[in-house]
Amino acid sequence: MLKVVSQITDCKVVPNEQVAQISKLPFVTYYPLTFDDPVFSDATANDGLFEAVISLDVFADTLSVGMQKCGDLRTYLLDLYTRQLLRRDARITVRSATTPQSRSVTDLPFKAVHHHGFDLTIQYHRQYTSPIDTISGVSDISISNKEDE
């Protein structure tokens with residue numbers, strides 16, 4: 001998914017925590033707001049359909065570049081072809097994207113920066129098998145169907 005974001009924007013994509021370490025504008029950051037949220041109530045932590053909301057933000061030195069790259073990113077991620085590509089290659093379904101908006105971050109190492117972003121909701125299926133053996137029985141314990149009187 002991050003590769004697709006980089007291809008769409010032609011920018012470096014980094015985790016939000018690395019904002020202060022990036023010196024060249026423009027770039028895109030991502031931050032998971034929610035993740036592994038079961039779509040159906042019967043999903044377990046090991047198997048099921050899950051949802052995540054990811055904040056995607058574009059940092060640029062001019063207002064027009066920031067707005068354009070943010071708008072392009074949202075448009076392409078919602079495009080039918082891109083959605084099919086992500087579903088086929090990454091097994092991610094793009095569910096929705098909020099409207100891009102101006103955002104604010106303080107104490108950045110830049111003298112002037114424009115920051116625009118939106119939140120992307122995706123769904124994915126996870127099937128995980130634990131390497132820990134499953135308990136099949138415990139010796140020296142007897143279980144009776146009678147309740148203690």
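Provided above is the structure to which this section pertains.
Residues numbered from 1 in each chain as written. Predicted model: local features only at pLDDT ≥ 70, side-chain atom pairs only at ≥ 80, totals over all residues. Heavy atoms only, no water.

## Comments concerning the overall build of the protein chain
If you tally the helices and strands in the protein chain, you get three helices and six strands. Burial analysis of the protein chain (149 residues in total) assigns 32% to the buried set. Sequence separation of at least 24 residues holds for 61% of the intrachain contacts in the protein chain that already meet a minimum separation of 6. Split by element, the accessible area of the protein chain, about 10,500 Å² in all, is 49% carbon and sulfur. (Helix = DSSP H or I, 4+ residues; strand = E, 2+ residues; numbered from the N terminus. Buried < 20%, exposed > 50% of the residue type's maximum accessible area, 1.4 Å probe, protein only. Contact = heavy atoms within 4.5 Å. Areas by Shrake-Rupley, 256 points an atom, 1.4 Å probe, with all protein chains shown as cover.)

## Let's talk about unusual backbone geometry
The linkage connecting L25 with the following residue, P26, adopts the cis geometry, with an omega of -5°. Along the chain, the position of P26 falls in the loop between β1 (12-15) and β2 (27-38). Of note, R91 is a non-glycine position whose phi angle comes to about 55°, a positive value. Among the secondary structure elements, R91 is positioned in the loop between α3 (80-89) and β4 (92-97).

By themselves, these observations are geometric and do not establish any function.
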